[in-house]
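Architecture and fold: a report
Here's the letter readout for the chains.
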Amino acid sequence: MTATNATRPVGVPPRVTLRALSPLRLVAVTAPVLLLLYGILRLADGLDGDHGPGWAWNTGHSLFLASIVLFAALAVGLRRVLLADGPRLRALTDIATGATLAGAAGFVWVILGDLFAGLADAAPLPDPLFAVGPLLFQLGLLTLLVQAATVRPRRLPRWAPPVTFVGFAAIAVNLDLLPVAGALIFAALLPLRPDSAARIATR
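What you are looking at is a predicted structure, and each value in this text was computed from that prediction instead of being measured.

Examined against the element boundaries, Thr93 turns out to sit in helix α3 (residues 90-115). Using a relative accessible area of 0% as the deciding quantity, one classes Thr93 as buried. Setting aside residues up to four positions removed in sequence, Thr93 forms contacts with Arg79, Leu82, Leu83, Leu144 and Gln147.

This is the structure in structure tokens:
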């Protein structure tokens, strides 16, 4: 972010440039956007009363796959930032990151099976992992976001983890709410400030 504080009048927000979008923040905002687009394509795919292979199904699942991979990358990036900020919480951070990655791996397994029927038949995801994977993903990522919002210097506002939780809950209630969930998670992650020069105020 480039802000000329010396010449900027009081009350005028700093000018934002593309340099404000660090790699980790770019990942953080792209992942939920792809999730939102997947949700929209899923709704379009179901307009005929059925969900199945076709352009909307294939494109949507490809976006979903990319979204999950980016969420996994976000977890790894948050781990690096959080360990630099609060090394005393290393055990919790490592467990949360591992849970997120394990859950993401389960999602990837299922998505690839949806895209390639032969893979699903040859290597179906075991039922216990199918049930536990999403929970690991959500709890792990939420734990990392809570740390980012509470460990000083705070990298997220305190309202971000609850908003993310509401987004996850919307998915659990009804998959048709995926676009809503994507929008909520996007709003929660947009204020992320992973760089030391752009930390959330700790007042």
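Resuming the write-up.
For the α-helix, the turn length of 3.6 residues means that residues three or four positions removed from each other point alike. With 24 residues, helix α5 (residues 127-150) should reach 34 Å at 1.5 Å per residue; the first-to-last C-alpha distance of 35 Å fits that figure. For α5, the principal kink sits at Gly133 and spans about 30°; a proline, Pro134, occurs within the next four residues. Of the surrounding secondary structure, the elements contacted by the buried residues of α5 are α2 (55-85), α3, α6 (160-173) and α7 (178-189).

In this section: the pattern of salt bridges. Opposite charge on two side chains lets them pair, provided their charged atoms get close. All chains considered together, the criterion is met by three salt bridges. For Arg42, the salt bridge identified is with Asp176, shortest N-O distance 2.8 Å. Of the two residues, Arg42 is situated in helix α1 (residues 23-45) and Asp176 in the loop between α6 and α7; the sequence distance between them amounts to 134 residues. Given the relative accessible area of 17%, Arg42 is considered buried. The closest approach of N and O atoms between Asp94 and Arg79, which form a salt bridge, is 2.7 Å. Placement of Asp94 in helix α3 and of Arg79 in helix α2 is noted, with a sequence separation of 15 residues between them. A relative accessible area of 29% places Asp94 in the partly exposed class.

Quick look at α6 now. A rise of 1.5 Å per residue sets the reference length of α6, with its 14 residues, at 20 Å; its end C-alpha atoms lie 20 Å apart and thus fit the reference within 8%. Within the span of α6, buried status applies to Ala160, Pro161, Thr164, Gly167, Phe168, Ala170 and Ile171. Considering only its buried residues, α6 is in contact with α1, α5 and α7.

Put simply, α5 and α6 touch, their axes get as near as 9 Å, and they point 165° apart. On the basis of their axis angle, the class for α5 and α6 is roughly antiparallel. Considering only the axes of α5 and α6, their crossing is right-handed. Side by side, α5 and α6 meet where Phe137, Gln138, Leu141, Leu142, Leu145, Val146 and Ala149 of the first sit next to Pro161, Thr164, Phe165 and Phe168 of the second.

Glancing now at the packing of aromatic side chains. Counted according to the given criterion, the structure contains five aromatic pairs. Relative to Phe137, the ring of Phe71 lies with its centre 5.9 Å away and its plane at 80°, an arrangement referred to as edge-to-face. Placement of Phe71 in helix α2 and of Phe137 in helix α5 is noted, with a sequence separation of 66 residues between them. Of the two residues, Phe71 and Phe137, both sit in the buried class. Here Phe107 and Phe137 contribute two aromatic rings whose centre-to-centre distance is 5.4 Å and whose plane-to-plane angle is 85°, an arrangement assigned as edge-to-face. One end of the pair, Phe107, is in helix α3; the other, Phe137, is in helix α5, with 30 residues separating them in the sequence. Each residue in the set Tyr38, Phe64, Phe71, Phe107, Phe137 and Phe168 is aromatic and connected to the rest through ring pairs, giving one cluster.

Before going further, it helps to spend a moment on the packing of α2 against α5. Put simply, α2 and α5 touch, their axes get as near as 10 Å, and they point 40° apart. Here α2 runs over α5; the crossing is left-handed. Listed contacts from α5 to Ile68, Phe71, Leu74, Ala75, Leu78 and Leu82 of α2 are Phe137, Leu141, Leu144, Leu145, Gln147 and Ala148.

Here we come to the confidence of the model for the protein. Averaged over all residues, the pLDDT of the protein is 87; the fraction at 70 or higher stands at 86%. Of all helices and strands in the protein, the one with the weakest mean pLDDT is helix α4 (residues 117-122) (81), whereas α7 scores best (98). Ignoring residues within four places in sequence, the model shows residues 1-6, a span with pLDDT below 50, making 11 contacts including any to other chains.

With the exception of glycine, the majority of residues adopt a negative phi angle, and the majority of peptide bonds are in the trans configuration. For the bond from Arg152 to Pro153, the omega torsion is 0°, close enough to zero to count as cis. As for its position among the elements, Pro153 is in the loop between α5 and α6.

Cut-offs applied
- Residues numbered from 1 in each chain as written.
- Predicted model: local features only at pLDDT ≥ 70, side-chain atom pairs only at ≥ 80, totals over all residues.
- Heavy atoms only, no water.
- Helix = DSSP H or I, 4+ residues; strand = E, 2+ residues; numbered from the N terminus.
- Buried < 20%, exposed > 50% of the residue type's maximum accessible area, 1.4 Å probe, protein only.
- Contact = heavy atoms within 4.5 Å.
- Expected span 1.5 Å × (residues − 1).
- Bend = angle between axes of the 7 residues up to and from the residue.
- Salt bridge = Lys/Arg side-chain N within 4 Å of Asp/Glu carboxyl O.
- Axes fitted to C-alpha atoms, helices over the stretch in contact; angles between N-to-C directions.
- Parallel < 35°, antiparallel > 145°, perpendicular 65-115°, else oblique.
- Left-handed = near helix turned anticlockwise from the far one by under 90°.
- Phe/Tyr/Trp six-rings, centres within 6.5 Å; stacked < 30°, edge-to-face > 60°.
- pLDDT = per-residue confidence, 0-100.

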